[in-house]
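Chain and residue survey
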Amino acid sequence: MESVLNLKEISFSYEDRDVLENVNLNVRKGDFVGIMGANGAGKSTLLKLILGLLSPKQGEVEILGESIGQFNKWPKIGYLSQQVLKKHQQFPATCEEIVRANLFSQIGFLRFPTRRHHEKVKAAMEAVGMAGYEKKLIYQLSGGQQQRIMLAHVLVSEPELIILDEPTTGVDQEAITAFFELLQKLNREKQMTIIMVTHEMHKSLQYINRQLYLEEKQIVEA
């Protein structure tokens with residue numbers, strides 16, 4: 001099976017505090033990986049290393065077959081963080097504007113979206129069950145609906161890997177279940193590779209196919 005992400009002997013420290021030591025991980029195309037662990041275990045640090053926001057003390061990160069130092073296909077990596085969800089809760093923009101914003105690199109500065117761009121936005125919103133909400137302001141939606149729009153924002157660039165950092169924070173239990181079901185559908189029907197950090201350990205287990213724990217500076221696979 002094709003490798004999407006490969007971590008080789010990764011170690012990382014903040015000043016004099018070791019966070020990760022000799023971590024190895026191979027994520028294959030079509031995996032739905034749940035990463036869990038106590039607060040401070042290094043989950044967010046791990047994601048930042050994968051995204052190239054931090055550099056390891058030692059080891060190598062390969063993404064889509066390339067060393068992260070040379071990797072430049074970032075539109076192929078979709079990232080959804082807690083901060084992005086919070087930031088858009090009061091943002092005065094329509095849902096289609098939020099989704100289309102992730103096509104900026106394709107549309108260009110001071111240029112208008114083409115029919116193909118509009119079709120991509122429509123397809124992304126349909127994929128998350130939000131067709132018909134294009135003209136709604138995002139802050140008028142429920143937390144679960146906002147979450148789906150932000151996922152459509154990620155999907156519109158047709159990523160090969162989606163990385164989610166605690167995507168269900170602040171969302172009610174019914175919406176959490178619906179969101180996990182949506183992710184599972186994308187994973188199974190579109191072979192979308194997903195890496196998700198979550199504190200919803202028990203709820204997520206029936207949807208993911210790989211269960212990883214960060215503990216004692218290591219990744220342990222259940």
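Scroll up a little and you will see the structure.
What comes next concerns the included structure. (Residues numbered from 1 in each chain as written. Predicted model: local features only at pLDDT ≥ 70, side-chain atom pairs only at ≥ 80, totals over all residues. Heavy atoms only, no water.)

Details of the pattern of salt bridges
Counted only if it meets this: Note on definitions: salt bridges are taken to be side-chain nitrogens of Lys or Arg within 4 Å of carboxyl oxygens of Asp or Glu. Here a helix means four or more residues in a row that DSSP labels H or I, a strand means two or more in a row labelled E, and each is numbered from the N terminus.
Counted by the stated rule, this structure contains nine salt bridges. Between E96 and K135 there is a salt bridge; the shortest N-O distance is 2.3 Å. Linking E96 in helix α3 (residues 95-100) with K135 in the loop between α5 (115-127) and α6 (143-155), this pair joins segments that are 39 residues apart in sequence. With a shortest N-O distance of 2.8 Å, R210 and E221 are connected by a salt bridge. Note that R210 is positioned in strand β9 (residues 210-215) and E221 in strand β10 (residues 218-221), a separation of eleven residues in sequence. Each of R28, D31, R210 and E221 takes part in a single network of salt bridges with overlapping partners.

Considering the sheet that holds strand β4 (residues 58-63)
Spelled out, the test is: Whether two strands pair depends on DSSP finding at least two bridges between them. Note on contacts: a residue pair qualifies if any of its non-hydrogen atoms lie within 4.5 Å across the two residues. With axes taken as lines fitted to C-alpha atoms, and helix axes fitted only over the stretch in contact, angles between N-to-C directions fall between 0 and 180 degrees.
Spatial strand order, β2-β1-β4-β5: four strands in an open sheet with antiparallel pairing. Across the chains shown, the open sheet's two edge strands, defined by having one partner strand only, are β2 (17-28) and β5 (66-67). As paired elements, strand β1 (residues 3-14) and β2 share eight bridges and run antiparallel to each other. Its bridge partner lying in β2, L5 is registered against V27. Contacts between helix α1 (residues 43-50) and the sheet are confined to β1, β2 and β4, with β1 contributing the most and set at about 120 degrees to the helix.

Thoughts on unusual backbone geometry
For clarity, the cut-off: Burial status follows relative accessibility: with a 1.4 Å probe on protein chains alone, a residue under 20% of its type maximum counts as buried, one over 50% as exposed, and anything between as partly exposed.
The phi dihedral of N22 falls on the positive side, at around 50 degrees, and the residue is not glycine. For N22, the location among the structural elements is in strand β2. N22 gets classed as partly exposed once you look at its relative accessible area, which sits at 34%. For Q191, which is not glycine, the phi torsion reads 55 degrees and is therefore positive. Secondary-structure assignment places Q191 in the loop between α7 (173-190) and β8 (193-197). Under the relative-accessibility criterion, Q191 is labelled partly exposed at 38%.

Thoughts on the layout of surface pockets
Put simply, the rule reads: Method remark: on a 1 Å grid restricted to protein atoms, a set of points is classed as a cavity if a 1.4 Å probe fits but cannot get out and as a pocket if it is open with protein on both sides within 12 Å along at least five of seven lines; lining residues have an atom within 4 Å of a point. Grid points are joined across faces, edges and corners, and a volume is the space filled by probe spheres set on the points. Each residue gets one label: Ala, Val, Leu, Ile, Met, Phe, Trp, Tyr, Cys and Pro are nonpolar, Asp, Glu, Lys and Arg are charged, and the others, such as Gly, are polar.
When its volume is computed, the largest pocket comes out at roughly 190 Å³. Forming the boundary of the largest pocket are K120, A123, A124, A127, L155, V156, E158, P159, K190 and M192. Sorting elements by how many residues they give to the lining of the largest pocket places α5 first, with four residues. Split into classes, the residues belonging to the lining of the largest pocket amount to seven nonpolar, no polar and three charged.

Considering the side chain of T193
Note on placement: T193 falls in strand β8. The residues contacting T193, other than those within four sequence positions of it, are V4, V27, R28, K29, G30, D31, E160, L161 and I162.

Describing α6
Counted only if it meets this: Here, expected helix span is obtained from the residue count minus one, scaled by 1.5 Å.
Taking 1.5 Å per residue as the helical rise, α6 with its 13 residues ought to reach 18 Å, and the 18 Å between its terminal C-alpha atoms agrees with that figure. When we look at burial in α6, the residues that qualify are G144, Q146, Q147, R148, I149, M150, L151, A152, H153, V154 and L155.

Observations regarding the nonpolar core
Rules: Among buried residues, those of type Ala, Val, Leu, Ile, Met, Phe, Trp, Tyr and Cys that are joined through side-chain atoms within 4.5 Å constitute a nonpolar core.
I149, L151 and L183 are the most contacted members of the largest nonpolar core, which totals 37 residues. Breaking this core down by element, the ones donating at least two residues are β3 (32-37), α3, α5, α6, β7 (161-165), α7 and β8. Among the elements that take part in this core, α7 stands out by supplying seven residues, more than any other. For L151, the residues in contact, after removing those within four places along its chain, are L80, V128, I162, F179, L182, L183 and L186. Counting residues in hydrophobic clusters, the runner-up holds 30 residues, among them I10, V23, I77 and L214.

Describing the packing of aromatic side chains
The cut-off we apply is this: Whether two aromatic rings pair depends on their centres lying within 6.5 Å, for rings of Phe, Tyr and Trp, where Trp uses its six-membered ring; planes under 30 degrees apart make the pair stacked, over 60 edge-to-face, and the rest tilted.
Under the definition given, this model contains three aromatic pairs. Look at F12 and Y14: their rings are 4.8 Å apart centre to centre, the planes differ by 85 degrees, and that puts the pair in the edge-to-face class. On the basis of an interplanar angle of 85 degrees and a centroid distance of 4.9 Å, the ring pair of F71 and W74 is categorised as edge-to-face. For F71, a relative accessible area of 6% puts it in the buried group. Note on W74: relative accessible area 31%, which makes it partly exposed.

Any functional reading would require information beyond the geometric quantities listed.
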